[in-house]
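One-letter residues, chain by chain:
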Amino acid sequence: MKNKSPSFTRRHLLEIGTGATLVAAAGVIWRANERGVIGEKGQEPYKPWEIWNDPAHRGTPLALVAAGVLASNPHNTQPWLFRVSDTRIDILADTSRNLGTFDPYLREMHVGLGCAVENMVLAAAPNGYAVTVTPHAGSLLDIGGRDEPVLAATLHLARGDAPADPLYSAIPKRHTNRNPYDRARGFPDALLHDFAAIPHDENLKLYLFQSGAAYETLGAAIIAATDEIVADHAMIEDSHRWFRDGPQEMERERSGLELDTAGLSPALLAVAKMLPALPAEQSHGTWADQTRDTHVPSAALLGLIAARDRYDRPQTLAAGRLWQRVHLAAGAAGLAMHPLNQPVEMIDRERQLGTESKAEARFAAVTGDEAWQPTFVFRGGYAIRDAAVSARRGAEMVTETV
Ligand SMILES: Cc1cc2nc3c(=O)[nH]c(=O)nc-3n(C[C@H](O)[C@H](O)[C@H](O)COP(=O)(O)O)c2cc1C
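Please read these numbers as outputs of a predicted model, since none were measured by experiment.

K.L.:
Help me out: how do you make sense of the overall build of the protein in this one?
P.N.:
Regarding its fold elements, the protein presents 12 helices and nine strands. Per-residue burial for the protein yields a buried fraction of 51% across its 402 residues. Residue pairs in contact within the protein that sit at least 24 positions apart in sequence constitute 83% of those at least 6 positions apart. With the model as given, the accessible surface of the protein reaches about 17,700 Å², and the carbon-plus-sulfur share is 56%.

K.L.:
Teacher, can you tell me more about the environment of G246 here?
P.N.:
Among the secondary structure elements, G246 is positioned in the loop between α6 (233-240) and α7 (247-253). For the pair G246 and M274, spaced 28 residues apart in the sequence, the C-alpha separation amounts to 9.6 Å.

K.L.:
What is the right way to look at the packing of aromatic side chains in this model?
P.N.:
A ring pair, where both rings are aromatic, is described by two values, the distance of the centres and the angle of the planes. Scanning the model with the defined rule gives eight aromatic pairs in all. Where W52 meets Y168, the ring centres are 4.9 Å apart and the plane angle is 50 degrees; that geometry is what we call tilted. A residue pair is termed long-range when its members are at least 10 positions apart, and W52 in the loop between α1 (6-34) and α2 (61-68) and Y168 in the loop between β4 (150-159) and α4 (189-196) qualify at 116 residues. Per residue, the accessibility class of W52 equals that of Y168, and both read buried. Arranged with centres 5.0 Å apart and planes meeting at 40 degrees, the rings of W323 and F378 form a pair that is tilted. Highlighted residues: W323 in helix α10 (residues 313-332) and F378 in strand β8 (residues 373-381), separated in sequence by 55 residues. The aromatic ring of Y129 is capped on one face by R159, whose charged end is 4.3 Å from the ring centroid. When the ring centre of Y382 is taken as reference, the NZ or CZ atom of R185 above it lies at 3.7 Å.

K.L.:
Even after reading the chapter, I still don't get the site of the ligand, so can you show me in this structure?
P.N.:
Taken together, 22 residues form the shell around the ligand, and within it R174, T176, R178, H338 and R392 come nearest. A distance of 3.5 Å separates an oxygen atom of the ligand from a polar backbone atom of N76. At 2.6 Å from an oxygen atom of the ligand is found a side-chain nitrogen or oxygen belonging to T176. Relative to its unbound accessible surface of 620 Å², the ligand loses 95% to contact with the protein. Secondary-structure elements contributing two or more residues to the shell around the ligand are α3 (107-124), β7 (336-339) and α11 (342-353).

K.L.:
How do you make sense of the nonpolar core when you look at a structure like this?
P.N.:
Proteins that are soluble and globular tend to have nonpolar side chains buried together. In this structure, F82 and F195 are the most contacted members of the largest nonpolar core, which totals 96 residues. Per element, the largest residue contribution to this core is 10 residues, and it comes from α3. Residue-level mapping places this core at the junction of two domains, with at least three residues from each of domain 2 (46-170 + 390-401) and domain 3 (174-381). Beyond its immediate chain neighbours, meaning those up to four positions away, F195 contacts F187, L206, L208, L301, V326, A329, A330 and M337.

K.L.:
When you look at the sheet that holds strand β3 (residues 129-135) in this model, what are you seeing that I'm missing?
P.N.:
Hydrogen bonding along the main chain pairs the strands of a sheet, whether they run parallel or antiparallel. If you walk across this open sheet you meet the five strands as β3-β4-β2-β1-β9, and the pairing is mixed. Because the sheet does not close on itself, it has two edges, and the strands there are β3 and β9 (399-401). Going across the sheet, the axis of each strand differs from the next one's by a mean of 20 degrees, ignoring polarity. With six bridges connecting them, strand β2 (residues 88-93) and β4 associate as antiparallel partners. From the neighbouring strand, A93 faces β4, where its bridge partner is V150.

K.L.:
What should I look at first to understand the packing of α6 against helix α9 (residues 280-295) in this one?
P.N.:
Packed helix pairs are characterised by how far apart their axes lie and by the angle those axes make with each other. Look at α6 against α9: their axes get within 9 Å of each other, and the N-to-C directions meet at 90 degrees. Regarding the angle of α6 to α9, the classification is roughly perpendicular. Along the contact surface, α6 presents H233, I236, E237, S239 and H240, while α9 presents A280, E281, S283 and H284. Broken down by class, the residue content of the contact of α6 with α9 amounts to two nonpolar, five polar and two charged.

K.L.:
Is there a simple way to explain unusual backbone geometry in this structure?
P.N.:
Peptide bonds are, in most cases, trans, and in most cases residues other than glycine have a negative phi. Despite not being glycine, L106 shows a phi value in the positive range, around 60 degrees. Its place among the elements puts L106 in the loop between β2 and α3. Positive phi outside glycine occurs at R254, with the angle close to 55 degrees. Tracing the backbone through its elements, the reader meets R254 in the loop between α7 and α8 (266-274).

K.L.:
Would you explain the pattern of salt bridges in this entry?
P.N.:
Close approach of charged atoms lets side chains of opposite charge pair. Taken as a whole and assessed by the stated rule, the structure comprises 16 salt bridges. Between R83 and E400 there is a salt bridge; the shortest N-O distance is 3.5 Å. You can see R83 sitting in strand β1 (residues 80-84) and its partner E400 sitting in strand β9, a full 317 residues away along the chain. Taking relative accessible area as the criterion, E400 reaches 39% and is therefore assigned partly exposed. The network of salt bridges with common partners includes E118, D165, R321 and R325.

K.L.:
What is the right way to read the packing of helix α5 (residues 212-230) against helix α12 (residues 358-367) from this model?
P.N.:
Packing of α5 against α12 leaves a shortest axis separation of 9 Å and a crossing angle of 170 degrees. Of the possible angle classes, the one that applies to α5 and α12 is roughly antiparallel. When you trace α5 past α12, the crossing you get is left-handed. For the pair formed by α5 and α12, the contact residues are A214, T217, L218, A221, A224, A225 and E228 on the first element and K358, R362, F363, A365 and V366 on the second. Taken together, the residues of the contact of α5 with α12 sort by class into eight nonpolar, one polar and three charged.

Criteria and thresholds
- Residue numbers here run from 1 along each chain, matching the order of that chain's written sequence.
- For this predicted model, a pLDDT threshold of at least 70 governs which residues receive local features, and a threshold of 80 or more governs which side-chain atom pairs are given and counted, while totals over whole chains, interfaces and linings are taken from all residues.
- Side-chain numbers here rest on the full set of heavy atoms in the structure, without hydrogens or water.
- Put simply, DSSP H or I for four residues or longer makes a helix, DSSP E for two residues or longer makes a strand, and each gets a number counted from the N terminus.
- Per-residue accessibility, obtained with a 1.4 Å probe over protein chains only, is compared with the maximum for each type, and a residue is labelled buried under 20%, exposed over 50%, and partly exposed between these values.
- The contact definition used throughout considers only heavy atoms, calling two residues in contact when any of these lie within 4.5 Å.
- The protein chains shown are the only cover counted for residues, whose accessible areas, like all others here, come from Shrake-Rupley with a 1.4 Å probe.
- Working definition: rings of Phe, Tyr and Trp (its six-membered ring) pair if their centres are within 6.5 Å, and the pair is stacked with planes under 30 degrees apart, edge-to-face with planes over 60 apart, and tilted otherwise.
- Any Lys NZ or Arg CZ that is within 6 Å of a ring centre and within 35 degrees of that ring's normal is treated as a charge sitting over the ring.
- One heavy atom within 4 Å of a molecule or strand is enough for the residue carrying it to be called near that molecule or strand.
- Here a polar contact is taken to be a pair of N or O atoms separated by no more than 3.5 Å, where protein atoms must pair a possible hydrogen donor with a possible acceptor and residues adjacent in sequence count only if both atoms sit in side chains.
- Side-chain atoms within 4.5 Å are what join buried Ala, Val, Leu, Ile, Met, Phe, Trp, Tyr and Cys residues into a set we call a nonpolar core.
- Throughout the structure description, domain borders are defined by an automatic or database domain assignment.
- Strands qualify as paired when DSSP identifies two bridges or more between them.
- Angular values range over 0 to 180 degrees, each being the angle between N-to-C directions of two axes fitted as lines to C-alpha atoms, with helices fitted over their stretch in contact.
- Roughly parallel here means an angle under 35 degrees, roughly antiparallel means over 145, roughly perpendicular means 65 to 115, and every remaining angle is called oblique.
- Ten residue types, Ala, Val, Leu, Ile, Met, Phe, Trp, Tyr, Cys and Pro, are classed as nonpolar, four, Asp, Glu, Lys and Arg, as charged, and the remainder, Gly among them, as polar.
- Basic side-chain nitrogens of Lys or Arg form a salt bridge, by our definition, when they fall within 4 Å of a carboxyl oxygen of Asp or Glu.
- Throughout, a crossing is termed right-handed when the near helix is turned clockwise from the far one, and left-handed when it is turned anticlockwise from it by less than a right angle.

And the structure:
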């Protein structure tokens, strides 16, 4: 047999090598494109942030809904339906979009509905309306099924000519920022005063901590609760159902959580997007690491909203309205905010399981007053990176005209 010349072998190998490299590179590019690492992300799920004050809807109830759908809400479940007529908007909890064991009493869901109500109230005056909000009375503990929409509040619409609230224009700029914050820059006193001056339901109390024993205890409670959640298989599976695996799934669902908003560095984000989706244990383990190593220690501000009764439906709605205003005020001032509600999620879970409430006891050490029941926990500060925009279902997708 004729020997191959060394040069032929080298060239041959080189050709195979080059071919393999090209195939691999094409594969990487294809996957990078498919996973939204490079190229345009799907646009539709993010459009509601651009058309939130669309002239086509100006002066109509749909303009209020378009502002409402941009609200903060748990796991981006967008658990709302809007039943609209010329004189009223009913805001309904779409209970099918629940978080299972992560929110067994739909408390978080109703906080999120309160956030939507606040955005809608802010959008009323610029659209020529005066609104009165009537929250639906009763206890969250009495809501049974998860298949029927449940009325949360009604907005009664009248014509009005009041000026716009300055927070109105902050609506499309508010985003949850899960990146590291620069704690050394602190938190502006003027904004703390603005927060404290926000008018709210007398059954609510806002706590703000920048340092000291209460700050440390609350930070430790957030970390402990996160570890407990990660150890609870049912909770992380229920949470995981709302994680979207890539742009195509997000294009379809237009709701839920995605890697872009997870607060990863650009390099880590690119790598994470290329890999197959992590199972619930691993993704939530990463979240616990971020909470312990980044979210809590970098927080210039830790805060909480407490209610007289965290399962009272009007109080829960009012807590959401207050949170939305706090977040909008922060956004308008260039400060980042991030809910860290794990300790309250654990209170609900312990109640559901009928186990001793360790989470509640930790809070008592923070507030020093068990008469105030925390229902929402957050951090604030100057972020090292801007937050990415989260997906939304547009107003028309969640509105029924009657
Ligand atoms: C009641 C409630 C609880 C929340 N809990 C958390 C939380 O524990 N951790 C977190 O990162 N974000 C939390 N969020 C923020 C939502 O995930 C976020 O608002 C949603 O994904 C939409 O994104 P956006 O705020 O950027 O519009 C919570 C929001 C609400 C209203």
